[in-house]
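Coordinate inspection notes
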Amino acid sequence: MKIPFSWLKEHCPIEKSPQDVADDLVRLGHEVEGIETPRAGVKGVRVGHIVEMKPHPDADKLKLLKIDLGDVDHLAIVCGATNMVEGDKVPVATVGTCLPNGLKIKKGKIRGEVSFGMCCSEAELGLAEDADGLLILPQDAPVGEEVGEYLGLEEAVFDLDITPNRGDCMSLRGIARDLAADYGLPLIEPGDEVVATDDSVTTPTVGVVASEDCLLYRACRIEGVKVSASPDWLQARLIAAGLRPINGVVDVINYTMLDLGQPMHAFDADTLHGDITVRTAKEGETFTSLEGKEVSLHAEDLVIADDNSVIALAGIMGSEPTGVTEKTTNIVLESAAFRPARISITRRTCGLVSDSSMRFERGVDPGMIALAMDQVAHMIVGLFGGKVSATTTVGDADSLIKDTQIQVNMQRIASRLGIEVPKTADAVLERMGFGIEHQGDTLNFSVPSHRPDVRLAEDISEEYARVIGFDNIPVVMPPLTNIQPSKVDTGITDAVRLGFVQVINYAFISPQEQRLFVAEDAPQDDKDLVLPNPISEAMSVMRRSMFPSLLNTAKYNMNRQQTGVALVEQGRVYAGNMIEHTETNMLAWLMTGDVQQDTWYAKTRKADFFDLKGAVESWLQGRGLTARFMADDDVQGLQAGQTAKIFIGKSVAGYIGKVDGDLADGFDLSDDVFVASINLDVLHAGKKAKFQPIPEFPSIERDLVFLFDKGATSDAILQTVRKACGQHLVNASIFDLYDGEGVPEGKVSLGIRFVLQDGKRTLTQEDSGKAMQAVIDMMVNKFEAELRG
Amino acid sequence: MKEVDELKAQLQDLQNKALALFAEAESLKVLQELRVAYLGKKGELTSVLKGVGKLPPEDRPVIGQFVNATKTTLAEALDKAEVLLSDKEKQARIQAERIDITLAGRTTSRGVVHPVQQGLNEMTAIFSQMGFEMAEGPEIEDEFHNFDALNIPAEHPARAMHDTFFFNAEGDADAKLLRTHTSPVQIRAMQACVDAGGEPPLAVVAAGRVYRCDYDVTHSPMFHQVEVFKVDKDVSLAHLKGVLQHFLTAYFEKDVPIRLRPHYFPFTEPSAEVDIGCVFCNHKGCRICKGSGWIEVLGSGMIHPNVLKAVGIDSSVYSGFAFGLGVERLVMLKHGIPDLRLFFENDVRFLRRMGAK
Ligand SMILES: [Zn+2]
């Protein structure tokens, strides 16, 4: 909301600077988004006295002026205007001034004559759209004074963001009330001139059916109005406050709404048929808004209707055919109280917002209904003529504007704020309109009609806090409730230690991307969670796989001079329907391109399956977990033969594999891409480390090399080895893999290294020989392997 | 010439020749060979000694002494030559092993924690140390937890301030939405406490992703919040200020002035927006803080009695404070990151520069 400072001063005689007032508004809870000085551009323009005027020797249309600015020397100015005479006072832009239209005044020569400035028109000062000649100032204008100051143009306008609970502050009077109370200054009451009513004008007939939603409705008729444009001062105020002038009657209503906070409406009486009824809409009834938009109404919409049709959406806007225009002569004026929640519903369902609805939704002071109507009638008759009927009133005005009484314990307020409430606070609240009476610890608090937001003890505590000033509340550390173990999740930190860069992607992806890794109906009847109002199609489905966003991130980076990336993301995947859905915590990796670049000690190398597998294994080891990898040729989006399910114990914890080549191509990724994901929610915490003594007796290391058929997996071989070796085996691993020259087609040579140990004695050659023989027998029996050495 | 003199002369010759050879020896291996050649069991000195047997008995001790002296001389010379040579060889080896120690060391590539994650970690750690317990909640929420229980009824204008991603029509009995803030975790944590038959004190910190249907230079449809609240007997606005001051000082690692401005949130009463002294101009006023010297960082307040009522906590006995802060915003302020969108572009050059190693 825009608050012109000069207008504010009409409600309260403030003498502080705009900046100080802005600071005080902030302290009182009104966010100041800015202080505008829309006409600051006239700085440097001064009142000049034309002491001499001669024709230009070389140009018929130019004049040579000598201007007195109150300085020692008179200023020579060449001027093209014709409407001034010697002795006039005019605005003079001096050298260095920058006018609102962007023109910078420089010393110049016009047709051989020097000019030290420019005499200005209203348009050049930004006071009018266009102008005919110079602005001639009154004869008593003080020579040399800044024109901006003289004309009151250096207006500061506060741009306030009024919070939704403070409907009362959606007006000049409301803001002034808070400031006046804070400053201890008087709040100037609005004028009480009332137009005499004329019995010859018929009072409108009003019926209120929806009396729960329309608490008070007042209407009067004004006949014989000559609607013209509103006066300049009024238009200027509306513009300064951010409203567009429309016509005299509408402008007066808007002006009063800004001034006192009460939105009103005027109908062209000659467009109405029969009586006025306030009722809820009939399902399917239509309404044409002022902007010509047709909306279909519902039974929960509150409307104003005549005998034929809906003439206004209550508290929001009038209909297009019944609006006041320049041709209107007879008016029906409405001033009413509507229930905020009802206005809110219609505003949302119809999608129509207005200055009126913004106020009614936040709560309008019913105390202004009559006053504002009187002000509007008075102004209309004064400016545009007409006769006013007596007013029809439906509803109980007295009960509506009655104060609300609240009783609270003062200690509760003190304990909520953490400070004893100083006596001085009461006086400020009283100036704001509250009634205060202390009886021991009991506070009898009466709330005026303009503060419907204050109903609870807690609301009162806020009023006290505002008045005391949040800065004056002490800073106190609360007692420690309980000591917490530091439980910062190390999942990401561990992955990062293994060389991965953490990324954070949006949780929504495109429907096409969703289908890359998750089939429409897979698995367990899970469905996509689709956003009906997405930012864009590309962000319209909650992801069920982490891989599409990782691929996009890889694409983004590989297109930007990276030769390889190793990425990790921790986040959720989402699936299900509206009734039942799941959110699963995932950790996902992606590797592509160089894992090693050329250095003086190593050659460049591209990522392969085992780079990623190693990372996943190490990450699991960090949590005390060991995984088994089982080949799986049927994972969507991943390449058969280079893809595995990851098992932790008996449950599937995730997948690892090479992204299908065509799929990767779709992301402009030309190197092999490997991805893995782990479902964090199925991981159980690994076992806590338990002490074990370091073995006292030496271990024995033995190597065996076999020829196996290709296709035998190291997992199966090592499992068999473990069985064969028995309890002495500490570790068995593949230390060599060779299928080059000397190895028959279809075979592979694998070297297995064994570490054997006993906790109670040194193992002998015989012990290890026995174990090795058992291994050889098993390898031959089970794999038809052939011992090489 | 007597045989004995002849033998002496012979020994003298042998010694001269040997010493000359020792001095010329170029490696320890040659020296070792010379030692064997002269002092070994089958060496030259031994063969000279064989002639001693032919000498008359009275001459034998004389020549014996002479032989021993020669032996000692040769042995000492050998030892000395050995020391010199091994020293020389070590020097040569050191010279040969010289490297360019300015070459880059062998490294494996390092990862980085995302700056937002790093911010989350730092913030939750500070609150953990202050006794707040970590909690989590779903991102797909219902209207009750995201709005109603937080005292934001359907027709309330504040509801419009949240640009909500709804999955189905707003107002449906079971309408689901992406949570617009982390405050529903507040409701869930309090409900869980009450449902388990417990009662306050409760001190909780909850961090996570939140969603708003808003996308431009300063808005991301997904961002992170940290929600902090405490419910106990006699919790006051002064306590809120205490916790905020401690947190902001700890997070920014310097004394930052804070300012509370009265504001309105449906779920707190009183409510306050919290500003910190601008970290870019040290509170003096600059372009970023629009000359005010203050920068808004979070919203806070005393929990509204209707919120406590919604979860079955008696607001005449208990009170609480709550606040929610935007993680990205604080991280941007702490590290001078100019553009919110950088966080979700995930350019590894940005991440490597800004993320925690
Ligand atoms: Zn600043």
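This is a predicted model, so every value here is computed, not measured. (Residues numbered from 1 in each chain as written. Chains lettered and ligands numbered in written order. Predicted model: local features only at pLDDT ≥ 70, side-chain atom pairs only at ≥ 80, totals over all residues. Heavy atoms only, no water.)

It is worth spelling out the overall build of chain B at this point. When helices and strands are counted, chain B shows 13 helices and nine strands. Once local pairs closer than 6 in sequence are excluded, the contacts in chain B between residues at least 24 apart make up 68%. In the structure as shown, chain B presents an accessible area of about 16500 Å², 52% of it carried by carbon and sulfur atoms. Taking the average place of the 41 positive charges on the side chains of chain B and the average place of its 48 negative ones, the gap between the two points comes to 9 Å. (Helix = DSSP H or I, 4+ residues; strand = E, 2+ residues; numbered from the N terminus. Contact = heavy atoms within 4.5 Å. Areas by Shrake-Rupley, 256 points an atom, 1.4 Å probe, with all protein chains shown as cover. Lys, Arg positive; Asp, Glu negative; His and termini not counted. Charge placed at Lys NZ, Arg CZ, Asp CG, Glu CD.)

It is worth spelling out the coordination of the zinc ion at this point. All names here are of chain B. Protein coordination at the zinc ion comes from Cys278 (SG), Cys281 (SG), Cys286 (SG) and Cys289 (SG), with a distance range of 2.2 to 2.3 Å. Viewed at the metal, the four donor atoms of the zinc ion are separated by angles of 102 to 113°, and the geometry they form is tetrahedral. Here the donor residues of the zinc ion are spaced in sequence according to C-x2-C-x4-C-x2-C. Overall, the relative accessible area of 13% leaves Cys281 in the buried class. (Donors = N, O, S within 2.8 Å, 3.2 Å for Na, K, Ca; no water. Tetrahedral: all angles 85-135°; square planar, octahedral: opposite > 155°, others 65-115°. Buried < 20%, exposed > 50% of the residue type's maximum accessible area, 1.4 Å probe, protein only.)

Attention now moves to the sheet that holds strand S1 (residues 133-135) of chain B. In space, the seven strands of this open sheet follow the order S1-S4-S5-S9-S8-S7-S6 (chain B), with mixed pairing throughout. Taken across any chain shown, the strands that pair with only one partner, and hence form the sheet edges, are S1 and strand S6 (258-265) of chain B. On average, each strand axis in the sheet is tilted by 25° relative to the strand beside it, whichever way the strands run. Where S6(B) lies against strand S7 (residues 268-277) of chain B, seven bridges are found, and the strand directions are antiparallel. Residue pairing for S7(B): Leu260(B) is matched across the bridge by Val274(B). The strands touched by helix H11 (residues 410-417) of chain A are S7, strand S8 (294-303) and strand S9 (319-326) of chain B; relative to S7(B), the strand with the most contacts, the crossing angle is about 25°. (Pairing = 2+ DSSP bridges. Axes fitted to C-alpha atoms, helices over the stretch in contact; angles between N-to-C directions.)

Let's shift gears to the packing of helix H6 (residues 248-260) of chain A against helix H9 (residues 369-384) of chain A. Residue and element names in this part refer to chain A. Relative orientation of the contacting elements H6 and H9 amounts to 145°, with a least axis distance of 10 Å. When the axes of H6 and H9 are compared, the crossing they make is right-handed. For the pair formed by H6 and H9, the contact residues are Gly248, Val249, Val252, Ile253, Tyr255, Thr256, Asp259 and Leu260 on the first element and Ala372, Gln375, Val376, Met379, Ile380, Leu383 and Phe384 on the second. The residue makeup of the contact of H6 with H9, split by class, is 11 nonpolar, three polar and one charged. (Left-handed = near helix turned anticlockwise from the far one by under 90°. Nonpolar A, V, L, I, M, F, W, Y, C, P; charged D, E, K, R; others polar.)

Glancing now at the pattern of salt bridges. Residue and element names in this part refer to chain A. Here the structure, examined in full by the defined rule, presents 49 salt bridges over all chains. For the salt bridge of Asp494 with Arg497, the shortest nitrogen-to-oxygen distance reads 3.2 Å. Here Arg497 and Asp494 lie together in helix H14 (residues 491-497), a separation of three residues that amounts to about one turn. We classify Asp494 as buried; its relative accessible area is 15%. In this structure, a network of salt bridges that share partners links the residues Arg166, Asp168, Asp178, Arg451, Asp453, Glu463 and Arg466. (Salt bridge = Lys/Arg side-chain N within 4 Å of Asp/Glu carboxyl O.)

Listed by partner, the interface residues are 95 residues for chain B and 82 residues for chain A. With both chains or domains summed, chain B and chain A bury close to 7500 Å², and 60% of this area falls on carbon and sulfur atoms. In this assembly, chain B and chain A are joined by three salt bridges. For Glu569(A), the salt bridge goes to Arg209(B), with nearest N and O atoms at 3.5 Å. In this structure, the connection of chain B to chain A is made through 30 residue pairs in polar contact (both at pLDDT 80 or more). (Buried area = accessible area lost by both parts, 1.4 Å probe. Polar contact = N/O pair within 3.5 Å; in protein donor to acceptor, adjacent residues only side chain to side chain.)

A word on the environment of Ile304(A). Structurally, the position occupied by Ile304(A) is in strand S17 (residues 302-305). Separated by 127 residues in sequence, Ile304(A) and Arg431(A) have C-alpha atoms that sit 37 Å apart.

All names here are of chain A. The mixed open sheet is built from five strands, whose spatial order is S11-S14-S17-S18-S19. Sheet topology places strand S11 (206-208) and strand S19 (317-318) at the edges, where each strand pairs with a single neighbour. Here S17 runs beside strand S18 (residues 310-313); their pairing, made up of three bridges, is antiparallel. For Ala305, the partnering residue across the bridge sits in S18 and is Val310.

Right, let's get into a negative patch on the surface. Together, Asp660(A), Asp662(A), Asp665(A) and Asp668(A) make up a region of like negative charge exposed at the surface. A relative accessible area of 31% places Asp660(A) in the partly exposed class. (Patch = residues over 30% accessible without salt bridge, like charges linked within 9 Å, V, L, I, M, F, W, Y side chains within 5 Å.)

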